[in-house]
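# Descriptive structure summary
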Amino acid sequence: MPQLLWISPFSLHDRALAPARQLLQMVRALKMMQPQLQISVLCPTIFSSTDPHAIDLSVRQEVLQIQGNTIILDHGVQFLYMKTHSTDFGAMATIEQRNFVNELVPLFHSLKPDVVVVHNCDLLSLCALNQAKLCGLSTAFILHDFIPSYFHFADVDLILSTSQVLTQAFVLEGYPPTAEIGSFMPATGPLNQSALANKVKAAQAAREAASASTGALQGMDATRHNINEKLMPIAQRRKIMLVNPSLENGLGLFLYVYAHRAEHPELSSAEFVVLEQEPDQFKKALKQYHTAAQSDAQATASAYADLDLSGLRVQAPYDDVENQLRHELRSCRVLVMPNLSATVTCYEHMQAISYGVKVITTEQPTLQEFLGNMATYIDVDQDVVDNLATPPSEKECQKWLQAVVDALNAPIELEPFKDFFKDYSYEACMLRLSLSLKMLLDRSASNNPQLLRKCVFSLRRAIEQQANSAALQAVAQGLSPQSGAKSE
């Protein structure tokens with residue numbers, strides 16, 4: 001049975017971390033496409049939030065009860081959890097870092113994976129890639145985020161890229177070989193149900209023509225969560241929403257639109273909603289905004305202390321955050337997502353489009369690649385990005401206010417949304433991932449006879465053997481006649 005080892009410096013069950021959600025989708029999709037593939041994921045109990053709601057509901061109870069190294073099964077995938085007391089890998093105590101790294105070689109020896117997959121750009125990932133290559137194993141790297149200058153692909157056999165923008169920026173001269181698998185952002189709203197139904201029929205017709213068609217069909221069935229969900233008429237929607245309120249997600253720009261709603265008839269009857277992903281996220285972010293400092297006292301004062309928030313509904317998160325998002329999108333007209341930091345994921349954007357929601361976001365190459373002409377893009381001045389804790393200027397805020405007003409006044413047409421999903425295929429992403437890794441899995445690197453020899457001597461085993469040798473030597477010296485003579 002082919003084996004794959006996936007190594008992560010943080011938990012993939014972290015729902016508050018967008019990359020973790022994307023990567024977890026990849027792992028589950030790969031298992032679905034290749035049921036015979038044995039997948040193991042090595043990760044620590046590191047989450048971006050201390051809130052238990054940040055843990056995926058399917059494994060929340062098991063993760064919260066972890067006392068030491070534990071194995072948790074999720075959708076047929078074996079997650080090898082290491083208990084840590086740190087919130088991120090960089091803050092790990094030295095012994096925790098050493099323990100994590102020391103587990104790699106013994107793990108290669110016990111699991112004998114055919115492929116080792118890494119997705120992060122830290123020293124742990126570089127160490128994992130290097131150790132895997134020394135053991136003769138095939139390696140793959142998931143390119144899903146921006147890469148720091150110190151990271152390199154010297155020990156990578158194959159790059160799996162989620163974006164053409166990332167590929168062009170970081171994969172130079174086509175080395176290592178790169179396969180573009182797509183964004184891996186499932187859209188489960190009702191507007192893509194007809195496209196999904198057509199794809200299922202096409203897959204059924206071509207199932208006997210190509211062996212991969214069956215896998216594609218299984219993947220499409222798995223994404224049809226809301227196939228019978230009814231779409232609320234857009235003309236009846238008045239909700240303007242912001243998801244994940246924070247300084248980086250442009251809460252100040254959204255609050256400006258809310259504060260000036262009375263000046264525009266289109267906004268006066270609108271419902272403004274902020275959907276939190278962590279408890280008290282809105283209040284914490286609000287306190288971080290301050291006015292321009294003329295004195296020390298004014299510098300600590302909240303910029304929105306006098307803003308009337310009685311007309312703003314702040315929705316706290318509950319157990320099933322994804323279902324909560326879908327519920328709110330059913331009656332949403334405009335999703336305002338001012339991403340003021342570099343982003344390569346667009347889960348909320350894609351879900352909004354599948355519900356016929358107009359998306360207004362920042363002008364970033366990756367977002368434009370994923371969303372195409374289904375979003376309104378606004379260029380943000382660098383001064384706004386450099387001073388996140390300061391309320392944006394009137395000039396910057398006016399652009400977002402006008403974009404929201406224009407979205408409410410625009411003709412209501414569903415055809416462009418439906419056409420978008422004719423071209424976008426989450427199932428194609430699943431198929432590309434499966435076929436790309438199949439090339440490495442077919443090498444059967446775990447059958448390499450050198451693997452056993454190279455994997456036996458890990459640092460942990462070396463320390464154990466050294467201690468045992470020292471103990472035996474001490475015993476031998478204590479029993480020798482020479483040592484006895486010296487004692488006399």
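Computed from a predicted structure; not experimentally measured.

Thresholds applied
- Residues numbered from 1 in each chain as written.
- Predicted model: local features only at pLDDT ≥ 70, side-chain atom pairs only at ≥ 80, totals over all residues.
- Heavy atoms only, no water.
- Helix = DSSP H or I, 4+ residues; strand = E, 2+ residues; numbered from the N terminus.
- Contact = heavy atoms within 4.5 Å.
- Areas by Shrake-Rupley, 256 points an atom, 1.4 Å probe, with all protein chains shown as cover.
- Salt bridge = Lys/Arg side-chain N within 4 Å of Asp/Glu carboxyl O.
- Buried < 20%, exposed > 50% of the residue type's maximum accessible area, 1.4 Å probe, protein only.
- Arc of directions from axis to C-beta.
- Pairing = 2+ DSSP bridges.
- Axes fitted to C-alpha atoms, helices over the stretch in contact; angles between N-to-C directions.
- Core = buried A, V, L, I, M, F, W, Y, C linked by side-chain atoms within 4.5 Å.
- Polar contact = N/O pair within 3.5 Å; in protein donor to acceptor, adjacent residues only side chain to side chain.
- Parallel < 35°, antiparallel > 145°, perpendicular 65-115°, else oblique.
- Left-handed = near helix turned anticlockwise from the far one by under 90°.
- Nonpolar A, V, L, I, M, F, W, Y, C, P; charged D, E, K, R; others polar.
- Phe/Tyr/Trp six-rings, centres within 6.5 Å; stacked < 30°, edge-to-face > 60°.
- Lys NZ or Arg CZ within 6 Å of the ring centre and 35° of its normal.

### Remarks on the overall build of the chain
The number of helices and strands found in the chain is 22 helices and 14 strands. Pairs at least 24 residues apart make up 69% of the contacts formed inside the chain by residues separated by at least 6 positions. Entry remark: accessible area of the chain is about 22400 Å², with carbon and sulfur atoms responsible for 52%.

### Notes on the pattern of salt bridges
Using the criterion set out here, one finds 12 salt bridges in the structure. Between Arg 313 and Glu 271 there is a salt bridge; the shortest N-O distance is 3.1 Å. A residue pair is termed long-range when its members are at least 10 positions apart, and Arg 313 in strand E11 (residues 312–315) and Glu 271 in strand E10 (residues 271–275) qualify at 42 residues. Given a relative accessible area of 27%, Arg 313 falls into the partly exposed group.

### Quick look at helix H11 (residues 281–288)
Listed as buried for H11 are Gln 281, Phe 282, Ala 285 and Leu 286. The buried residues of H11 occupy an angular sector of 125° when projected down its axis, which confines them to one face. For H11, exposure combined with an orientation more than 90 degrees from the buried face picks out Lys 283, Lys 284 and Lys 287. Against the buried residues of H11 lie helix H9 (251–259), E10 and E11.

### Some words on helix H18 (residues 415–423)
Residues of H18 that are buried: Phe 417, Phe 420 and Phe 421. The arc that holds the buried residues of H18, viewed along the axis, is 90°, so those residues lie on one side. Exposed side of H18, more than 90 degrees from the buried face: Lys 422 and Asp 423 are the residues found there.

### Examining unusual backbone geometry
Although it is not a glycine, His 75 sits at a positive phi angle of roughly 55°. Along the polypeptide, His 75 turns up in the loop between strand E3 (70–74) and strand E4 (77–82). Positive phi outside glycine occurs at Lys 112, with the angle close to 50°. With respect to the helices, strands and loops of the structure, Lys 112 is situated in the loop between helix H4 (104–111) and strand E5 (115–118).

### Structural notes on the sheet that holds strand E2 (residues 38–44)
A sheet is described by the order of its strands in space; here 8 strands give the open sequence E3-E4-E2-E1-E5-E6-E7-E8, paired in mixed fashion. Both outer strands of the open sheet, E3 and strand E8 (178–180), are each paired with one neighbouring strand and no more. This sheet shows a mean twist of 25° between the axes of neighbouring strands, independent of strand direction. In the sheet, E5 pairs with strand E6 (residues 138–143) via 4 bridges, with the strands oriented parallel. Residue Val 118 lies in a different strand from E6, and its bridge partner there is Phe 141. Of the strands in this sheet, strand E1 (3–7), E2, E3, E4 and E6 are in contact with helix H1 (residues 18–33), which crosses E2 at around 160°. Strands in contact with helix H19 (residues 426–441) are E1, E5, E6, strand E7 (158–161) and E8; relative to E7, the strand with the most contacts, it is inclined by about 175°.

### Considerations on the nonpolar core
Formed by 71 residues in total, the largest nonpolar core has its most connected members in Trp 6 and Leu 437. At 8 residues, the largest contribution of residues to this core is made by H1. Contacts of Leu 437, omitting those with residues within four sequence positions, involve Leu 4, Leu 30, Val 115, Val 117, Ala 140 and Leu 160.

### Considerations on the sheet that holds strand E9 (residues 239–243)
Pairing between the strands of a sheet is mediated by backbone hydrogen bonds and can be parallel or antiparallel. Spatially, 6 strands are ordered E11-E10-E9-E12-E13-E14 in an open sheet, and the strand pairing comes out parallel. Bordering the open sheet on either side are E11 and strand E14 (375–378), each of which pairs with just one other strand. In this sheet, adjacent strand axes meet at a mean angle of 20° when their direction is disregarded. Across the sheet, helix H14 (residues 347–354) is in contact with E9, strand E12 (332–337) and strand E13 (358–362); its angle to E12 comes to roughly 160°. Lying over the sheet, helix H17 (residues 394–409) contacts E9, E12, E13 and E14, oriented at roughly 165° with respect to E13.

### Some points on the side chain of Thr 167
Following the sequence through the fold, Thr 167 ends up in helix H6 (residues 164–170). For Thr 167, a relative accessible area of 13% gives the class buried. Polar side-chain contacts of Thr 167 include one of 3.0 Å to the backbone oxygen of Ser 163. In this structure Thr 167 touches Leu 143, Ser 161, Thr 178 and Glu 180, once residues within four positions along its chain are discounted.

### So, the environment of Leu 433
Position of Leu 433 among the secondary structure elements: in helix H19. The buried category is assigned to Leu 433, whose relative accessible area is 0%. Between the C-alpha atoms of Leu 433 and Ala 29, which are 404 residues apart in sequence, the distance is 8.5 Å.

### Regarding the packing of helix H13 (residues 321–329) against H14
Packed helices, taken two at a time, are described by the angle their axes make and the gap between the axes. Two elements in contact, H13 and H14, have axes separated by 10 Å at closest approach and are oriented at 45°. If you check the angle between H13 and H14, you find them oblique. In the packing of H13 onto H14, the handedness of the crossing is right-handed. Along its contact with H13, which presents Glu 322, Leu 325, Arg 326 and Leu 329, the element H14 presents Tyr 347, Glu 348, Gln 351 and Ala 352. Looking at the contact of H13 with H14 residue by residue, the classes come out as 4 nonpolar, 1 polar and 3 charged.

### Remarks on the packing of aromatic side chains
The full count for this structure, using the stated rule, is 11 aromatic pairs. Between Phe 79 and Tyr 81, the ring centres sit 6.5 Å apart and the planes meet at 25°, which makes this aromatic pair stacked. In this pair, the class of Phe 79 matches that of Tyr 81, namely buried. Ring centres 5.9 Å apart and planes at 70° place the aromatic pair Phe 254 and Phe 272 in the edge-to-face group. In this pair, Phe 254 is assigned in helix H9 and Phe 272 in strand E10, connecting sequence segments 18 residues apart. Here Phe 272 falls in the buried class, since its relative accessible area comes to 0%. Members of the aromatic cluster, joined through ring pairs, are Phe 141, Phe 151 and Phe 153. Looking at Arg 261, its charged tip hangs above the ring of Tyr 258, at a distance of 4.0 Å from the centre.

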